[in-house]
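Chains, contacts and geometry: an overview
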Amino acid sequence: MTKRTKQDNIFVLVILGIALSLSAMLLFQLLGDEFLRGSDAYYYALQALSLFKTGEVRIPDSNIIHRIARLLQYSGLSAEMSVKAWTAASYFLFLSSFVLLLKDFKSKIFAVLIFSWAALSPSILFICIELPKTFLFMIFFNSAFYFLKNGNSGTKDDKQGRVIPEIRYRESIFTKLLFITKTPGHDMPKRFALAGFLFICLLIHKMSLVYIGVICFYLFIRNRFDRQIGFKKILIALTTGLLLSVTYKFLIIDHFHISDILRFKSLNFTPGVISLFVNGVLLPAAKAEFIAAAVSAGFLFYLNKTNSKTLLFPLLLMLTSFIPAMDNETLSLGGRFGILFAYVFILSAVYLLEGRNTGPLKNFQMIFICTAVITAGFFHPGYSYPQDYRVKTYEEYEKLISQISGKDIPMLIAHKNFHYYYKYKTGKEAFSYEPEKHWDKKRIWRFVYGATPEELFFYMPEYGSWDSGYILQFPGSHYALVREDCYFDMRKSVQEEKNPELYNNLWNHEINPSNPRPAFLYKKHKEDKNSEFPAVNS
């Protein structure tokens, strides 16, 4: 084991210091926001508040983030403050996990540059705010990645100083998959740690199956060439491990069902990372980062072109970002892997640069880089996740809620963002899909977006006239409140040939819910207690 130097200890303290500083800045900026950031932020606040008050989530979901936010409320924080506090805390945990990944770097210059990229990455902060469960998976995957590349100290396989696990072939095929084999000395705890962290990743997020598959595939391919293991054994081991993982995750402990496939309404084979550019999810800063990551990856691969085995793992890792989108949602299946493109590039850089030497990192260089990172931290949320547009949106929601506060609305149909915000602020029922057929339409109201008063008046049935009380227009707003039975008949009378723009707005625009509840959600709601609007008509 290499003896740690004073510079190594200073480096670790510097990383932790910068992580703490950036996280404190983020928390300060989040606390200054009037509204939460993130499309599902109020969903998490709603679930945490319900857990805190009743011990049950308002909407069936096993997500651990709700439980964490609930625990934070015991300190006296509100549900919104708890969500903000967890966002900053998770960001600190993520950056701190780079202590593990970078502490053994031969070149502290490379280590500092990699950490600086991770600390100022717009896509990573976007994931932290927008996809907190994915971000929690990334925190644990950082630790798993550390034990992957340091699984067996002292192997002789790598000329650059990286540690590649050397698996001995005396044990069962499945134990090899999890790297729990009889190896000398201190290697056994590291392999248990790797298996443990991968298992935690599996519990946190389904997408971890893909990365576990990549790790298994890489290790068996490496050992296929290094040890001449029979290809059939490799294939059997890989298939067995993945099948056992899938069985445990999907059929024993989780909420995945075959009907989940029905979420894919169209088979969009655009690579995930490319789909993000096409559908406008990425902000300019994130687009620039992804291009820089692609160019830098090409450069790193070129530097290591003489050792194809070394490039296999980072190549497989980065290819996960090109998994097909599979549907046309804003963040599709492939899009969720694509958004991790910069992150997997950073891991690839860790893998390829750990053993490379450069000149020593001088004190003035360290001070300059640290100062630059902390200074940029003040502007980080501004270019990674700007709030201006969201503030205007929530201000409009506030105004609309105040205007309907005295109205009896047992169920409100509205798009997802408004649905969560309304439900959290008022405690009343809301829904962001097409109402179930067995619900009483006379007890349901809907926020309609984008239909002009003239269009509503022209297509509205006779019993839904302006003075009927079944329709309410809001001056200066694109929204109108319409009772569901009137809306149902009104929408039915709009013909695509005669008014394609309005037809598309009412039937194909996500801001006006027209799709039924996805099939996989019915299982979660099958045993709802005393629901006035049950998912299943019993």
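Conventions and cut-offs
Residues numbered from 1 in each chain as written. Predicted model: local features only at pLDDT ≥ 70, side-chain atom pairs only at ≥ 80, totals over all residues. Heavy atoms only, no water. Helix = DSSP H or I, 4+ residues; strand = E, 2+ residues; numbered from the N terminus. Buried < 20%, exposed > 50% of the residue type's maximum accessible area, 1.4 Å probe, protein only. Contact = heavy atoms within 4.5 Å. Areas by Shrake-Rupley, 256 points an atom, 1.4 Å probe, with all protein chains shown as cover. Salt bridge = Lys/Arg side-chain N within 4 Å of Asp/Glu carboxyl O. Pairing = 2+ DSSP bridges. Axes fitted to C-alpha atoms, helices over the stretch in contact; angles between N-to-C directions. Parallel < 35°, antiparallel > 145°, perpendicular 65-115°, else oblique. Left-handed = near helix turned anticlockwise from the far one by under 90°. Nonpolar A, V, L, I, M, F, W, Y, C, P; charged D, E, K, R; others polar. Polar contact = N/O pair within 3.5 Å; in protein donor to acceptor, adjacent residues only side chain to side chain. Phe/Tyr/Trp six-rings, centres within 6.5 Å; stacked < 30°, edge-to-face > 60°. Core = buried A, V, L, I, M, F, W, Y, C linked by side-chain atoms within 4.5 Å.

**Topic: the overall build of the chain**
When its secondary structure is counted, the chain shows 25 helices and 5 strands. A total of 538 residues make up the chain; the buried ones form 51% of that total. Within the chain, residue pairs in contact and separated by at least 24 positions form 71% of the contacts whose partners lie at least 6 positions apart. When the accessible area of the chain is evaluated, it comes to approximately 25800 Å², of which 62% is carbon and sulfur surface.

**A short note on the pattern of salt bridges**
Inspection of every chain in the model, using the stated rule, returns 13 salt bridges. Among the ionic pairs, Glu-434 bridges to Arg-446, the shortest N-O distance being 3.3 Å. Within this pair, whereas Glu-434 is found in the loop between strand 2 (430-431) and strand 3 (444-449), its partner Arg-446 is found in strand 3, the two being separated by 12 residues in sequence. Note that Glu-484 is salt-bridged to Arg-446, the shortest N-O span being 3.0 Å. Residue Glu-484 is found in helix 23 (residues 484-492), and its partner Arg-446 is found in strand 3; the two are separated by 38 residues along the sequence. Among the ionic contacts, a cluster of salt bridges with common partners joins Glu-434, Arg-446, Glu-484 and Arg-491.

**As for the environment of Leu-361**
With respect to the helices and strands, the residue Leu-361 is situated in the loop between helix 17 (341-353) and helix 18 (363-377). For Leu-361, a relative accessible area of 8% gives the class buried. Linking Leu-361 and Phe-110, residues 251 residues apart in sequence, is a C-alpha distance of 9.3 Å. Once you skip the residues sitting within four places of it in the chain, Leu-361 turns out to touch Gln-7, Lys-108, Ile-109, Val-112 and Met-366.

**Observations regarding the sheet that holds strand 5 (residues 479-483)**
As summarised here, the arrangement of the 5 strands in space is 2-1-3-5-4, forming an open sheet in which the pairing is mixed. Each edge of the open sheet carries a strand with a single partner, namely strand 2 and strand 4 (471-473). As defined by bridge partners, strand 1 (residues 411-413) adjoins strand 3 across 3 bridges and the pair is classed as parallel. Residue pairing across strands places Met-411 opposite Ile-444, the latter belonging to strand 3.

**Considering the packing of helix 2 (residues 41-54) against helix 4 (residues 79-96)**
Running from N to C, helix 2 and helix 4 point in directions that differ by 120 degrees, and their axes come no closer than 8 Å. Regarding the angle of helix 2 to helix 4, the classification is oblique. Remark: the crossing between helix 2 and helix 4 carries right-handed chirality. Counted together, Ala-41, Tyr-42, Tyr-44, Ala-45 and Leu-49 of helix 2 and Ala-79, Glu-80 and Val-83 of helix 4 form the full contact between these two elements. Within the contact of helix 2 with helix 4, the residues separate by chemical class into 7 nonpolar, no polar and 1 charged.

**Regarding the pairing of strand 3**
Counting buried positions along strand 3 yields 5 of 6 residues, so the element is predominantly enclosed. Both strand 3 and strand 5 contribute to a ladder of 5 bridges, which runs antiparallel. Of the residues in strand 5, the one forming a bridge with Phe-447 is Leu-481.

**So, the side chain of Arg-483**
Structurally, the position occupied by Arg-483 is in strand 5. Among the polar contacts made by the side chain of Arg-483, one reaches the side chain of Asp-485 at a distance of 2.8 Å. Excluding residues within four positions of it along the chain, Arg-483 makes contact with Lys-441, Lys-442, Ile-444, Trp-445 and Tyr-470.

**Quick notes on the packing of aromatic side chains**
A complete count under the given rule lists 42 aromatic pairs for this structure. Consider the rings of Tyr-42 and Tyr-424, whose centres lie 5.6 Å apart with planes at 50 degrees: the pair is tilted. A residue pair is termed long-range when its members are at least 10 positions apart, and Tyr-42 in helix 2 and Tyr-424 in helix 21 (residues 416-426) qualify at 382 residues. For Tyr-42, a relative accessible area of 1% translates into the label buried. The exposure class assigned to Tyr-424 is buried, which follows from its relative accessible area of 13%.

**Looking at the nonpolar core**
If you look at the biggest cluster of nonpolar residues, it comprises 129 residues, and the most contacted ones within it are Leu-102, Phe-141, Phe-145 and Phe-447. Per-element tally for this core: the top contributor is helix 17, with 12 residues. Membership of the second largest hydrophobic core comes to 14 residues, among which are Val-448, Ile-471, Met-490 and Leu-506.

**Here we look at the side chain of Glu-484**
Overall, Glu-484 belongs to the buried group, its relative accessible area being 1%. Residues within four places of Glu-484 in sequence aside, it is in contact with Ile-413, Pro-435, Lys-441, Ile-444, Trp-445 and Arg-446.

**Some words on the packing of helix 4 against helix 7 (residues 122-130)**
The geometry of helix 4 relative to helix 7 is characterised by a closest axis approach of 9 Å and an angle of 135 degrees between their N-to-C directions. Comparing the axis directions of helix 4 and helix 7 gives the class oblique. The crossing of helix 4 and helix 7 is right-handed. Between helix 4 and helix 7, the contacting residues are Thr-87, Ser-90, Tyr-91 and Phe-94 on the first element and Ile-124, Leu-125, Cys-128 and Ile-129 on the second. Taken together, the residues of the contact of helix 4 with helix 7 sort by class into 6 nonpolar, 2 polar and no charged.

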